[in-house]
Amino acid sequence: METLDIVLIILEIILSLMLIPAAKLSKKYVSSKWRIVFVLPSVVCMVIAGFAGFEKLMLPAYIGAVITLAGFFSTSEKLRISTAAAAAVLGLTAVFLCVNVPEAYRARNFTKEFDEIFPVMKKYYVLAEHKGIDWDELYEKYRPQFAEADKAHSKAMNYAVWCRFVYEFHDGHVGYIDKTAMDKDNEAVLMAEVFDLMGAGDYGLSLMGNTTDGNSYAVNVEDSGAVADAGIHNGTVITSWDGMSIHQAGSENPFEGISGMFADKDNEEFFIPLRASIYGGDSVTVTYLDDNGSEKTAELPRLGGGYARYMETYENVCRGVEIENFGWQEIDEDTVCFRLKSMEFDTASAKNENYDSMKHEIIAKLDEYKAAGKKNLVIDMRNNGGGSGQLVQALGSVFAPEGTHYYATDGYWDDNTHSYARDPETGAYLKGEDCYFIGEDRWEGRPIIILVNSNSASAADHFTMIMRGFDNVTVMGFTESNGSAQGVGAAESGKSMLSFSSCLLLDPDGNVFIDSGSDYESGNDIDIRVPFDENAVRTLFDEDRDHIMDMALEEFQRMNG
Amino acid sequence: MMKIARSILYGYGRQSIIRVIFIVMLLLMFSELLVFIQANDGNAFTMSEFAASYLQTMSTIAEMFIVINTCWVCTMDFGDKTANYELMTGHTRLDIYAARVAVSVITGVCGYFLLILSPVIAGCFIWSWGSCVYVSDMIFRWFMLIFPVVRIIVETAFFSFIVRKPAVVLIAGFIINEFFTIVPTNNEMVYTSCILGTSNLAKLTIVDARTTYGLSDGAMWLTFDTMLPKSYIASTVIAALIASVLFFYLGYTFFRYDDID
């Protein structure tokens, strides 16, 4: 129980019991001042409940405090004693209720949180028309699901409903945060609960690959148990999952939104085999090709919840170079890697929106590596969730060829309507100021490969977009970057917070910058899409090496002849 | 009752202590305006931004005024036996009680709004209102403040009639507030529920700011979201009416049977 509720009940019981002798004394020593003591429980209750907030299971205690007011209006000793005794009993009743129905005690009101967040998002979300969002339909669809979560008093169910709601937008900037699980450990615990709630299982392996025109491979395979007995190992081609094709099993399951949010269809497709590998009942029947190429079938029992293996595989596939943000690492005698984990340099630069010191630092490093004879630069932007647009401009100016380059265009903000202005006839957004940056070409035209993955979002998307048109720049990865580029705002209620795109960026034609529309295709393509093949499985899961980096080095060799 | 109210107002207008307190608080309000101007040194600002972002601070100061004012109005006539003379000249206890509560409400509400609006209105003569908040939205927000303000005045009047010593009411209020700032709680309802007048007032004076930004230099637009959930508006009005009536009645019931020295 919460401190204030405990304080309230203890005080109420003590005060009520003290009212019994007070009722007797008031007859002996007659004074109008005795009335005051019969107001005390109500006032104490109101003040504490005011600070602690109303709690329905504490209702008996509140009622108890109110009935002692009878002693204020009436001087009857009998009435005063009986109401005081009743108040003490009601206080104890509240303790009994709070302790015995813990799931309902101070339970969050998930529906209320949704009801408060939803209209704010509806008012400020700038991509609703672009993505074909039907707000009324969404509200009708999800509000009952939050009501179900309320009935069940289930934080995991609430989280799962938010994940599905968020998924409807196909926007990397739409994200739900449960403030009770903001740190990584608590979030992992909550996510594991959500996976369990949705029935996600672990069958001793994960799947990755290409479902449309290639194979799906077993990865992160358990080295004992049924899966090992069947001879399935990293790289084994899995042809069907529980009687379904891998694509069917990965797309027709309840894990949409729960197992990741993708702003682009291609990125979503890439992880469909992984999603298939947590779908099943107590066991799944898999068909696979053995080492001789013969098709075989095995029944794999469920080993437990699916979250741990799913995340392990996901993190391995999405790995980047493990050094600090804005760190440098020599990869080989010709190549150096510049790691950008986020578009945030330091607080002073962010506060003043001045990235001169960052530029000087990068330029000094580039000069050092040029002097050391480095020819190739890898900019590793994998898992870069974004940050400052001003930082992107500064960064772009370091690497872009000399001259003025277009970045993006702000939407035209109308102060009178507190929203972005639209063309009255077409409904299209009006353009505000164009934004440019001046290239300094500090790498002097040498080859640059930018590594991205589906977690390279927002300002990382911007950087990829502004750089990919230059002759010396190649963008590479298993998938393209996230494809979510608008500025972010948020709405909060209780312990829930929802971020969403609220600051509009357009391209030179006045279309939405990068973000996918209802076609679910973002405008941030990739130059080299690395296939997830046997080679990738071996490098990532057997040799524990960075496959994308290996591919980048091969590409440099090809470029340099 | 009207005669008593008029006589209280007559005496009220000649009490220099309330005037001094009011002027000091007014100076505090204008110092908030100076703080705001200082914080925006070199940047463009508007009075709509000040009105919305400093409403809570100004309201907290003005709230102190309405509590002091109510304590003063409701208890000043017990010390010099004025209330006794009123009884002896045939006025009912209800008249005596209601007149003091009514004067507290009138002077308290007027004082509260004079305090929170003076720097905004004065500022508008020098700087523009701007576009951060629509005037109509801000007027509605100010209007909503009337309910908890009246409620706090009636509640304070109740305590004043019981204690009859303004200093005790003020110190008790201060101690209660301090106590709850040190009690840990995980409940997000703290300080925002309608159960207490002060928390209700605090919630109504917080106007959520929303910043929209762009890539080009200085592309940043500040707006304030004045939208209040309908349920909160309804509960504010209902809670204020119930609490006001209840505490008015409790106060009167006590005063009716109380011994006046």
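Our structure's up above, just so we're on the same page.
For every chain, the first residue of its written sequence is number 1, and the numbers climb from 1 along that sequence. The lettering of chains begins at A and the numbering of ligands begins at 1, in the order of writing. In keeping with the predicted nature of the model, local features appear solely for residues at pLDDT of at least 70, side-chain atom pairs appear and are counted solely at 80 or more, and the whole-chain, interface and lining totals rest on all residues. Computation of side-chain values: all heavy atoms of the structure, hydrogens and water removed.

A. Up close: helix α6 (residues 93-126) of chain B. Helix numbering and strand numbering both begin at the N terminus, where a helix is a DSSP run of H or I of at least 4 residues and a strand a DSSP run of E of at least 2. By this rule, a helix spans an expected 1.5 Å times one less than how many residues it contains. If you check α6(B), its first and last C-alpha atoms are 50 Å apart, about what 34 residues at 1.5 Å a residue would give, namely 50 Å. To get the bend at a residue, fit one axis to the 7 residues ending there and another to the 7 starting there, then take the angle between the axes. The sharpest bend along α6(B) measures roughly 40° and falls at B:Leu117, with the proline B:Pro119 sitting one to four residues further on.

B. View of the environment of A:Arg468. Residues and elements named next belong to chain A. Assignment of secondary structure puts arginine 468 in the loop between α19 (459-467) and β17 (473-477). Any two residues having at least one pair of non-hydrogen atoms within 4.5 Å are treated as being in contact. Apart from residues no more than four positions distant in its own chain, arginine 468 is found in contact with Val473, Val475, Gly523, Asn524, Asp525 and Asp527. Here glycine 523 takes part through its backbone oxygen, which lies 3.4 Å from a polar atom of the side chain of arginine 468. As used in this structure description, the phrase polar contact means that two N or O atoms lie within 3.5 Å; if the pair is within protein, one of them must be able to donate a hydrogen and the other to accept it, and residues adjacent in sequence are counted only when both atoms belong to side chains.

C. Quick look at the interface of chain A and chain B. Contact residues are listed per partner, giving 53 residues for chain A and 45 residues for chain B. We define buried area as the total accessible area lost by two parts upon association, computed with a 1.4 Å probe and summed across both. Carbon and sulfur atoms make up 66% of the area that chain A and chain B hide from each other, which totals about 4300 Å². Contact with chain B buries surface across chain A, with A:Met46, A:Phe51 and A:His418 losing the most and accounting together for 17% of the total. By salt bridge we mean one thing: a side-chain nitrogen of Lys or Arg within 4 Å of a carboxyl oxygen of Asp or Glu. Among the salt bridges present, the one from A:Lys123 reaches B:Asp225, with a minimum N-O distance of 3.6 Å. Applying the counting criterion to the chain A and chain B interface returns eight residue pairs in polar contact (both at pLDDT 80 or more). If one sorts the elements of the side of chain A that touches chain B by residue count, helix α3 (residues 40-52) of chain A sits on top with eight residues. Under the scheme applied, nonpolar residues are Ala, Val, Leu, Ile, Met, Phe, Trp, Tyr, Cys and Pro; charged residues are Asp, Glu, Lys and Arg; polar residues are all the others, including Gly. Residues belonging to the side of chain A that touches chain B are distributed by class as follows: 27 nonpolar, 15 polar and eleven charged.

D. The arrangement of the sheet that holds strand β3 (residues 206-209) of chain A in detail. All names here are of chain A. Strand pairing is defined by DSSP finding a minimum of two bridges between the two strands. Across the sheet, which stays open at both edges, the five strands sit in the order β3-β4-β5-β6-β7 with antiparallel pairing between neighbours. Each edge of the open sheet carries a strand with a single partner, namely β3 and β7 (295-301). The mean inter-strand angle of the sheet, taken between neighbouring strand axes irrespective of direction, is 45°. Pairing of strand β6 (residues 283-289) with β7 involves seven bridges; the strand directions are antiparallel. Bridge assignment links threonine 287 to a residue of β7, and that residue is threonine 297. Only the contacting stretch of a helix is used when fitting its axis, a line to C-alpha atoms as for every element, and angles between N-to-C directions run 0 to 180 degrees.

E. Seen up close, the side chain of A:Ser499. Residues and elements named next belong to chain A. Along the chain, serine 499 falls in strand β19 (residues 496-503). A distance of 2.9 Å separates a polar side-chain atom of serine 499 from the backbone oxygen of histidine 173. Other than its neighbours up to four places away in sequence, serine 499 contacts His173, Val174, Gly175, Val488, Gly489 and Ala490.

F. Representation of the side chain of A:Ser154 in the model. Residues and elements named next belong to chain A. Residue placement: serine 154 occurs in the loop between α8 (135-152) and α9 (155-167). Only protein chains enter the accessibility calculation, which uses a 1.4 Å probe; a residue is then buried when its area is under 20% of its type maximum, exposed when over 50%, and partly exposed in between. Overall, serine 154 belongs to the buried group, its relative accessible area being 15%. In this structure serine 154 touches Phe110 and Ala149, once residues within four positions along its chain are discounted.

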